[in-house]
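Chains, contacts and geometry: an overview
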Amino acid sequence: MNNKIISKLTRNPSIINDGAHILYTYTESDKYVNNAVSFLYEGLNNNTLIVFIEDKEITLRIIDELQSVGITDLQMENLITLQKSDFYLEGNRFDSVGAESKLVKIIEPYIKKKQLIRTWGSVPVPDNESLLKLITYEFNCHDYIFENSIISVCVYNGLMTPAYLQNELLKSHSHLMTDDQFCLSPFYSGKNRKYPSIEDVAKYKRIEKQNKVLKNKNYNLLYENNFVKQLIESIKQSELKIKNIIDGLPIPIIIISKLRAKILYHNNEASEQFNIGINQCVKDKNIRSFCEGYDTNQIETYNEGLKDKQPLIKSENGKIYLVKSIEMLFEEESAILHSFVDITQEKENETIILRSEKMNIAGQLAASIAHEIRNPLTSVKGFFKILKTGEASKELYYKVIDDELSRIEQISNELLTLAKPHVDNRREHNIVKIIGEVVVLLTSESNMRNIELLVQNSCTDVYLFCEETKIKQVFINLIKNAMDAVKENGKVIIKMDHNNDNIQIKVIDNGVGISRELIEKLGEPFYTTKDKGTGLGLMVCYKIIEDHKGTIQVESELGVGSTFSITLPLVKEKMSV
């Protein structure tokens, strides 16, 4: 075998004649094995006794290599192999006295025979190593090696042996060897061959103490590092589970980087519904605009400790999505998870219910309005007959006819306004005017049922940002319910009051009242106290007021009456008293 490093070591005349104490610090296991095989190969071919101290696994590997390159069983008889843990350690401590005694006992018979001797020992450096013991052992071995012209290689793992220890070992070794080089030890000299002085012993003890502290810190760092690794692995496993769950959900999910507004992850449903390409770009413009323009600073707080907002987004294909957005940590990056719930059908059903309830109210009003219109029509017909005869003053008849026709037109317009198709078009409207128009519609019915309909108002012009037809629908429904609850000669009061922020409108009746148990169920679909009711009217009212950022509160006492209080936010700059 041609190994330049080992040849330079074993074929040096001064080393052959005087011996050598060699410090070998290795870093690559394959090169280490190759150098060991070459060292043993040359020694066995020269009939040299070799004491080889290593782990069993490496020893067997090296023996196989030697046999593969032609070393015979007879030559192998000059090879003595020992386990390094058995040779150097007593329990878990470095046994310097025991190691010296074992080495002398093994090679002494061969020294007497004047046989050439080589040793190769892989020295362990356990955690609780005593630096002084190790240095003393190396010094003792050093003298014995040169006295008997032994070539001895002391092997240390360069990745595990501290630099300060390597420096101390270089003082007691004549040569330095690495995986690729061989040279004289830079710290070796005659004075260094002396045993450690009292000052050296004190220094070694200080170093040993410091080393223990550093080892403890290193242990703690390793422990923390392992903990962090386990935590990161746990996070990765959690993220993998989240991805699997998200992929299985039947709703679109998109996770976006909070800082870069870039898609980090999306499920198959999002890819299909929003046409997300390979470049992670959402092709649906409305969805893309929402995701890119999402501003966490504008999040509305609905519950304590929970921040979210749930806007409605209409995609290009006409579907309406309720979006739930949650801040999270994804792939070690601050992110936002958007889930898109398709509520298109629910919105269509809501529109159908609103229209149905409108038509129901319009139908109920038709009879009373027809009666109200019949009276002015009778007057108009009568005055036309009088006009034909040419009697009396025509101007008086014209004025009466004009007033009655205006009355008919006003009632008809209000009925048509209520029954027209729903369009979500919110603008600023005067709530006082809206209530007045509702009263116009319901006056005829209250007259027919001999119910007093009163308006108590402390303001003239108060503006809401609302949809006029929906707000009318709410108050028509509430006032009609109040009239249904009172007997003849009853009273229904619409009372309005406001502050700088809100207006409160109360619908008060002196009817039969509602029990506390039934109040809790008001607004539920298909729940009603009427024989022929559907229970959808109040449900629609609650939904409309909620959509307008308002509230409905109910107070009632059996046999006394009920009060429905509606609170709505004002358009401040338009308010005047």
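Residue numbers run consecutively from 1 along every chain, following the written order of its sequence. Reporting of local features is limited, given that this is a predicted model, to residues whose pLDDT is at least 70; pairs of side-chain atoms are given and counted only at 80 or more, and all residues count toward the totals for whole chains, interfaces and linings. Side-chain measures were taken over the full set of non-hydrogen atoms in the model, leaving aside hydrogen atoms and water.

Points about the overall build of the protein chain
The secondary structure listing takes helices from DSSP runs of H or I that are at least 4 residues long and strands from runs of E that are at least 2 residues long, numbered from the N terminus. Tallying secondary structure elements over the protein chain gives 18 helices and 23 strands in all. In this scheme, a residue with accessible area under 20% of its type's maximum is buried, one over 50% is exposed, and one in between is partly exposed, where area comes from a 1.4 Å probe on protein chains only. Relative to its 577 residues, the protein chain shows a buried fraction of 42%. The contacts in the protein chain between residues at least 6 apart in sequence include a share of 70% that link residues at least 24 apart. On the protein chain, roughly 32,200 Å² of surface is accessible, and the fraction owed to carbon and sulfur atoms is 52%. In what follows, a contact means two residues having at least one pair of non-hydrogen atoms within 4.5 Å. All accessibility values rest on the Shrake-Rupley procedure with a 1.4 Å probe; residue burial counts only the protein chains present in the view.

Points about the packing of aromatic side chains
The description of two aromatic rings rests on the distance between their centres and on the angle between their planes. Side-chain rings of Phe, Tyr and Trp, where Trp is taken by its six-membered ring, are said to pair if the distance between their centres is within 6.5 Å; with planes under 30 degrees apart they count as stacked, over 60 as edge-to-face, and otherwise as tilted. For the structure shown, the criterion picks out 15 aromatic pairs. On the basis of an interplanar angle of 45° and a centroid distance of 5.9 Å, the ring pair of Y32 and W120 is categorised as tilted. Of this pair, Y32 sits in helix α3 (residues 29-45) while W120 is found in strand β6 (residues 117-122), placing the two residues 88 residues apart along the sequence. Each member of the pair, Y32 together with W120, is buried. For the pair F94 and Y137, a centre-to-centre distance of 5.5 Å together with 75° between the ring planes defines the contact as edge-to-face. Pair noted here: F94 is in strand β5 (residues 93-94) and Y137 is in helix α8 (residues 131-147), with a separation of 43 residues, a long-range link. Across the pair, exposure class does not vary: F94 and Y137 are buried alike. One aromatic cluster in this structure is built from Y24, Y26, Y32, F39, F52 and W120. Any Lys NZ or Arg CZ that is within 6 Å of a ring centre and within 35 degrees of that ring's normal is treated as a charge sitting over the ring. Over the aromatic face of F39 sits the side chain of R118, whose NZ or CZ is 5.0 Å from the ring centroid.

Quick word on the pattern of salt bridges
In the sections that follow, a salt bridge refers to a side-chain nitrogen of Lys or Arg positioned within 4 Å of a carboxyl oxygen of Asp or Glu. In the structure shown here, the tally under the stated rule is 12 salt bridges. For K31, the salt bridge goes to E28, with nearest N and O atoms at 3.6 Å. Residue classification places E28 among the partly exposed residues on the basis of a relative accessible area of 40%.

Looking at the sheet that holds strand β20 (residues 491-498)
The strands making up a sheet associate through backbone hydrogen bonding, with each pair oriented either parallel or antiparallel. By the convention used here, strands pair only if DSSP detects at least 2 bridges between them. Pairing within the open sheet is mixed, and its 5 strands lie in the order β18-β20-β21-β23-β22. The sheet is open, and its two edges are formed by β18 (452-457) and β22 (551-557), each paired on a single side. Pairs of neighbouring strands in the sheet enclose a mean axial angle of 15°, with direction left out of account. Whenever a helix is involved, its axis is fitted only over the stretch in contact; in every case the axis is a line through C-alpha atoms, and angles between N-to-C directions fall within 0 to 180 degrees. Across the face of the sheet, helix α15 (residues 431-448) comes into contact with β18, β20 and β21 (502-509) while running at roughly 170° to β18. Across the sheet, helix α16 (residues 468-485) lies against β18, β20, β21 and β23 (561-569), angled at about 25° from β21, the strand it touches most.

Interpretation in functional terms is not warranted from these geometric data alone.
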